[in-house]
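Below, each chain spelled out in residue letters.
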Amino acid sequence: MSRINKTQLALLLALSFSQPLAFADAVTWEKYLKEGQSGLAAGSLDKAIESYRKALDEAKSSGLEPKFVAVSINDLAMALVKAGKSDEAESLFKEAIALKERSYGAEDESLVATLGNLGQLYKAAKRYQDARLAYQRAVTIIEKGSDKDVKLIPLVNALAGISIETGELDDAALRLRRVIELARASGDNAALSIAQNNLALVLRKQGKAEEAEALYKDVLAKSDSGNGVRGEDKDLNKAAALNNLARLHREKGEFDQAKPLLLEAYNLLAGRAADEPATVIVTLDNLATVSKELGDYNDAVKYYREALKLQAGVKGLSPESKADIDAVRMTNLALALLSSGDTTESEKLFKDTISTLEAQYGKTSLKLAPALANLGELYRQSEKYDQAEPLLKQAFDIRQAGDAKDPKLADAANDLAILYKEMGREKDSTDYFEKSLAVRENAPDSAELATALNNLARSYREQGAYDKAESLYKRALAIREKVFGADDASVAAVLRNYAKLLKLMGKPADARNLNVRASAIEAKQGQ
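Cut-off values and rules
- Residues numbered from 1 in each chain as written.
- Predicted model: local features only at pLDDT ≥ 70, side-chain atom pairs only at ≥ 80, totals over all residues.
- Heavy atoms only, no water.
- Helix = DSSP H or I, 4+ residues; strand = E, 2+ residues; numbered from the N terminus.
- Buried < 20%, exposed > 50% of the residue type's maximum accessible area, 1.4 Å probe, protein only.
- Contact = heavy atoms within 4.5 Å.
- Areas by Shrake-Rupley, 256 points an atom, 1.4 Å probe, with all protein chains shown as cover.
- Lys, Arg positive; Asp, Glu negative; His and termini not counted.
- Charge placed at Lys NZ, Arg CZ, Asp CG, Glu CD.
- Phe/Tyr/Trp six-rings, centres within 6.5 Å; stacked < 30°, edge-to-face > 60°.
- Lys NZ or Arg CZ within 6 Å of the ring centre and 35° of its normal.
- Expected span 1.5 Å × (residues − 1).
- Salt bridge = Lys/Arg side-chain N within 4 Å of Asp/Glu carboxyl O.
- Axes fitted to C-alpha atoms, helices over the stretch in contact; angles between N-to-C directions.
- Parallel < 35°, antiparallel > 145°, perpendicular 65-115°, else oblique.
- Left-handed = near helix turned anticlockwise from the far one by under 90°.
- Nonpolar A, V, L, I, M, F, W, Y, C, P; charged D, E, K, R; others polar.
- pLDDT = per-residue confidence, 0-100.
- Arc of directions from axis to C-beta.

A. Up close: the overall build of the protein. Along its length, the protein carries 25 helices and 0 strands. Within the span of the protein, comprising 527 residues, buried residues form 45% of the whole. Looking at the protein alone, contacts between residues at least 24 apart form 56% of all its contacts between residues at least 6 apart. Here the protein displays about 25000 Å² of accessible surface, and carbon together with sulfur accounts for 50% of that area. Each charge class in the protein can be summarised by its mean position, and for the 75 positive and 79 negative side chains these summaries are 2 Å apart.

In structure tokens form, the structure reads like this:
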């Protein structure tokens with residue numbers, strides 16, 4: 001979901017604030033608590049966790065009130081979440097909940113923050129049912145006081161986010177409409193804009209483009225009029241609406257209308273590049289994508305290059321996440337450069353991508369396969385076959401060691417088949433077309449299966465194995481007719497190939513009939 005506003009932050013972290021105590025035993029506890037907070041602020045998770053553990057021990061041994069023990073438990077759990085120690089964090093959140101239930105009752109509002117934090121932990125782990133139960137219990141507690149309480153906003157928003165992730169779009173829309181009502185009633189313009197953006201996203205997924213567009217435009221209109229979000233959130237919410245409205249235009253093929261919106265979003269956010277690079281990168285990626293769709297590869301290169309540069313300033317990533325994201329950034333730029341005709345820098349970037357992933361995951365990781373295939377394909381297109389072969393073979397071997405039904409294994413086999421064909425190694429080419437087909441057979445009546453059948457049929461035809469080729473052409477033709485319809489251009493392509501085979505088999509009349517039918521389809525397509 002979208003950014004957390006001040007109301008949400010207050011709810012989720014309410015337990016993290018020190019409270020003045022009336023007894024001397026709390027002095028040491030407060031000292032450890034502040035040390036933990038300082039450790040977090042300095043980015044030293046180990047120091048923070050150690051201090052929070054001491055604070056918790058001190059709170060328990062000093063006999064402090066349950067609410068102060070709960071503060072220590074919560075702060076330690078939150079630090080453990082940041083450190084990736086979710087199992088221990090989960091146990092601590094449950095301990096805090098049990099303590100509050102014993103001390104204040106099962107419906108006390110002090111439970112809300114911890115339930116929200118526990119729900120957040122479950123949601124991040126994709127334990128959606130557990131997350132729903134935690135968030136819904138928090139909602140129920142608040143609603144006993146008032147069903148209009150502003151503290152409901154982040155909780156209902158989180159429930160909507162779960163529904164989006166699980167594909168329950170009707171439920172997500174219903175919850176987001178409630179968030180909009182709550183935000184309007186409370187005057188929380190930041191929450192209102194976020195909820196409108198999120199509801200528009202759901203509506204777009206439901207195919208309700210007009211209603212989604214109206215919501216995006218409403219967010220923009222409020223922002224421009226000064227009646228929307230004020231302060232630092234204003235530009236962020238407006239940029240989000242611009243990005244989303246641009247996406248709607250892209251989905252309708254209106255790329256020329258999308259790009260100006262993205263440029264406006266970028267201009268709003270550019271000043272944040274030093275402090276919040278990740279925020280700007282999203283818009284740069286979108287700008288680059290639209291530029292590619294418009295055929296403006298120089299602009300695509302410019303925006304991808306800027307995104308790669310800004311990525312270096314993104315802090316707090318795990319080594320795995322950093323390697324993955326850096327690889328994506330380098331690959332995006334390399335592919336754009338390749339489209340613009342620059343093979344030299346593309347080659348270097350592909351090599352850097354491979355080195356980055358190898359360093360993090362080793363030479364046999366599945367994550368390495370796409371990078372190997374990209375560089376291998378560059379060499380193949382440049383007719384550097386001796387350099388292409390080991391890369392494409394390594395990519396195939398990596399995928400073969402994994403899921404035997406993975407469609408990407410079929411792609412890897414097909415890449416090698418094409419390479420060997422260009423090298424004149426017909427037997428090797430046929431072998432890999434056969435391997436590709438074997439994987440595609442796991443998806444009967446698919447477009448991809450038809451293509452694999454057509455490729456292998458052509459290989460058999462060119463080697464004189466006419467009977468084998470004919471059976472494959474017949475299957476490919478039947479599948480494409482079923483999937484695309486009898487008058488689709490892809491059907492005409494199979495008819496042409498099949499006609500060539502029939503001519504070689506000494507059946508000129510049958511070949512002529514297929515060519516006549518193909519010509520009729522092509523004529524319809526040209527209308």
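Moving on from the model shown.
B. Here's a closer look at the side chain of Lys123. Tracing the backbone shows Lys123 in helix α6 (residues 111-124). Those residues in contact with Lys123 that lie beyond four places of it in its chain are Tyr128, Ala131, Tyr135, Ala158, Gly161, Ile162 and Glu165.

C. Molecular detail of the packing of aromatic side chains. Across all of its chains, the model carries 4 aromatic pairs by this definition. Each member of the aromatic cluster is reached from another via a ring pair, and the members are Phe396, Tyr420 and Tyr432. The ring of Tyr432 carries the charged tip of Lys435 above its face, separated from the ring centre by 5.5 Å.

D. Seen up close, unusual backbone geometry. A positive phi is found at Lys126, a non-glycine position, where the angle reads about 60°. Within the element layout of this structure, Lys126 appears in the loop between α6 and α7 (128-143). Non-glycine residue Asp445 carries a positive phi angle of around 60°. Residue position: Asp445 is located in the loop between α21 (426-440) and α22 (447-462). By relative accessible area, Asp445 is classed as partly exposed at 38%.

E. Spotlight on the environment of Gly402. Among the structural elements, Gly402 can be located in the loop between α19 (385-400) and α20 (407-422). Exposure remark for Gly402: the relative accessible area of 45% places this residue in the partly exposed category. For the pair formed by Gly402 and Leu366, sequence separation is 36 residues and the distance between their alpha carbons is 7.8 Å.

F. A look at helix α18 (residues 369-381). Look at α18: 18 Å from first C-alpha to last across 13 residues, which is about the 18 Å you get at 1.5 Å a residue. Every buried residue of α18 is listed here: Ala369, Ala371, Leu372, Ala373, Leu375, Gly376, Leu378, Tyr379 and Arg380. Elements in contact with the buried residues of α18: α16 (319-339), α17 (343-361), α19 and α20. Looking at the residues trailing α18, positive phi occurs at Glu383, about 60°.

G. Looking closely at the side chain of Ser436. Note that Ser436 resides in helix α21. Ignoring sequence-local partners within four residues, the contact set of Ser436 consists of Ala410, Ala413 and Asn414.

H. Molecular detail of the pattern of salt bridges. According to the stated counting rule, one finds 50 salt bridges in the structure shown. Ionic pairing is found between Glu276 and Arg272, a salt bridge with its closest N-O pair at 2.9 Å. Take Glu276: its relative accessible area is 29%, and that puts it in the partly exposed class. Of the charged contacts, one joins Asp487 and Lys524 as a salt bridge, the two residues approaching to 3.2 Å between their closest N and O atoms. Residue Asp487 is found in the loop between α23 (466-484) and α24 (489-504), and its partner Lys524 is found in helix α25 (residues 508-526); the two are separated by 37 residues along the sequence. Residue class for Lys524 comes out partly exposed when judged on its relative accessible area of 46%. One network of salt bridges, in which partners are shared, links Glu90, Lys94, Arg127 and Asp130.

I. Structural view of the packing of α18 against α19. At a closest axis distance of 8 Å, the pairing of α18 and α19 adopts a crossing angle of 155°. Taken as axis vectors, α18 and α19 run roughly antiparallel relative to one another. Crossing angle aside, the handedness with which α18 passes α19 is left-handed. Along the contact surface, α18 presents Ala369, Pro370, Leu372, Ala373, Leu375, Gly376, Glu377, Tyr379 and Arg380, while α19 presents Tyr385, Gln387, Ala388, Leu391, Leu392, Gln394, Ala395, Ile398 and Arg399. Of the residues assigned to the contact of α18 with α19, the class counts are 12 nonpolar, 3 polar and 3 charged.

J. Looking closely at the confidence of the model for the protein. Looking at the protein as a whole, its pLDDT mean stands at 90, while 93% of the residues score no less than 70. Confidence, read as mean pLDDT per element, is least for helix α1 (residues 6-12) in the protein (40) and greatest for α19 (98). Segment residues 1-24: pLDDT under 50, and 53 contacts once partners within four positions in sequence are set aside and those in other chains are kept. Segment residues 228-232: pLDDT under 50, and 9 contacts once partners within four positions in sequence are set aside and those in other chains are kept.

K. Main features of the environment of Ala499. With respect to the helices, strands and loops of the structure, Ala499 is situated in helix α24. With a relative accessible area of 2%, Ala499 lands in the buried category. Ala499 has contacts with Ala511, Leu514 and Asn515, leaving out every residue within four places of it along the chain.

L. Examining the environment of Leu333 more closely. Here Leu333 is to be found in helix α16. Given the relative accessible area of 1%, Leu333 is considered buried.

M. Up close: α17. For α17, built from 19 residues, the straight-helix expectation of 27 Å at 1.5 Å per residue is met to within 8% by its first-to-last C-alpha distance of 26 Å. By the burial criterion, the buried members of α17 are Ser346, Glu347, Leu349, Phe350, Thr353, Ile354 and Leu357. For α17, the arc enclosing every buried residue in end-on projection is 170°, short of the 170-degree limit, so these residues lie on one face. Facing away from the buried surface of α17 by more than 90 degrees, the exposed residues are Thr344, Lys348 and Ala359. Next to the buried residues of α17 lie α15 (297-311), α16 and α18. Just past α17, the residue Gly362 takes up positive phi, approximately 95°.

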